[in-house]
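# Working through the structure, step by step
The residues making up each chain are set out below.
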Amino acid sequence: MRKILFFLCCIASICATVYMCYESWLLIQRRDFTLHAILFMLGTLGWLVITFNIVTRQYRWANYLCK
């Protein structure tokens, strides 16, 4: 059961990251560099770091779910 939860957590995090990367790419293509767009791009970088840490099990709760 824990491994299924970890898998679902990974999938949800990856989906959120892919969506945010896509939206950031559209903002870059439109050359829309408002405060909102810049903060959205910074949020995308944050999600990339969070997703990397989840997938590589660097969080304690991720290790617990993988046991």
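Our subject is the structure that appears above.
These numbers come from a predicted model, not from an experiment.

Cut-offs used in this document
Residues numbered from 1 in each chain as written. Predicted model: local features only at pLDDT ≥ 70, side-chain atom pairs only at ≥ 80, totals over all residues. Heavy atoms only, no water. Phe/Tyr/Trp six-rings, centres within 6.5 Å; stacked < 30°, edge-to-face > 60°. Buried < 20%, exposed > 50% of the residue type's maximum accessible area, 1.4 Å probe, protein only. Lys NZ or Arg CZ within 6 Å of the ring centre and 35° of its normal. Patch = residues over 30% accessible without salt bridge, like charges linked within 9 Å, V, L, I, M, F, W, Y side chains within 5 Å. Areas by Shrake-Rupley, 256 points an atom, 1.4 Å probe, with all protein chains shown as cover. Salt bridge = Lys/Arg side-chain N within 4 Å of Asp/Glu carboxyl O. Lys, Arg positive; Asp, Glu negative; His and termini not counted. Charge placed at Lys NZ, Arg CZ, Asp CG, Glu CD. Helix = DSSP H or I, 4+ residues; strand = E, 2+ residues; numbered from the N terminus. Contact = heavy atoms within 4.5 Å.

### Regarding the packing of aromatic side chains
Counted by the stated rule, this structure contains one aromatic pair. Measuring from ring centre to ring centre gives 6.0 Å for Tyr59 and Trp61, while their planes differ by 10°; the resulting arrangement is stacked. Of the residues examined, Trp61 reaches a relative accessible area of 37% and is grouped as partly exposed. The ring centre of Tyr64 lies 4.8 Å from the NZ or CZ of Arg2, which sits over that ring.

### Some thoughts on a positive patch on the surface
A cluster of basic residues, Arg2, Lys3, Arg57 and Lys67, forms a positive patch at the surface. Along the chain, Lys67 turns up in the segment after α3 (60-66). For Lys67, a relative accessible area of 70% corresponds to the exposed category.

### Side note on the environment of Arg2
Secondary-structure assignment places Arg2 in helix α1 (residues 2-29). Take Arg2: its relative accessible area is 33%, and that puts it in the partly exposed class. Here the alpha-carbon distance between Arg2 and Trp47, two residues 45 residues apart in the chain, equals 23 Å. Contact partners of Arg2, with chain neighbours within four places excluded, come to Tyr64, Leu65 and Lys67.

### What to know about the environment of Gly43
Within the secondary structure, Gly43 is located in helix α2 (residues 35-55). Residue classification places Gly43 among the partly exposed residues on the basis of a relative accessible area of 27%. Here the alpha-carbon distance between Gly43 and Leu26, two residues 17 residues apart in the chain, equals 15 Å.

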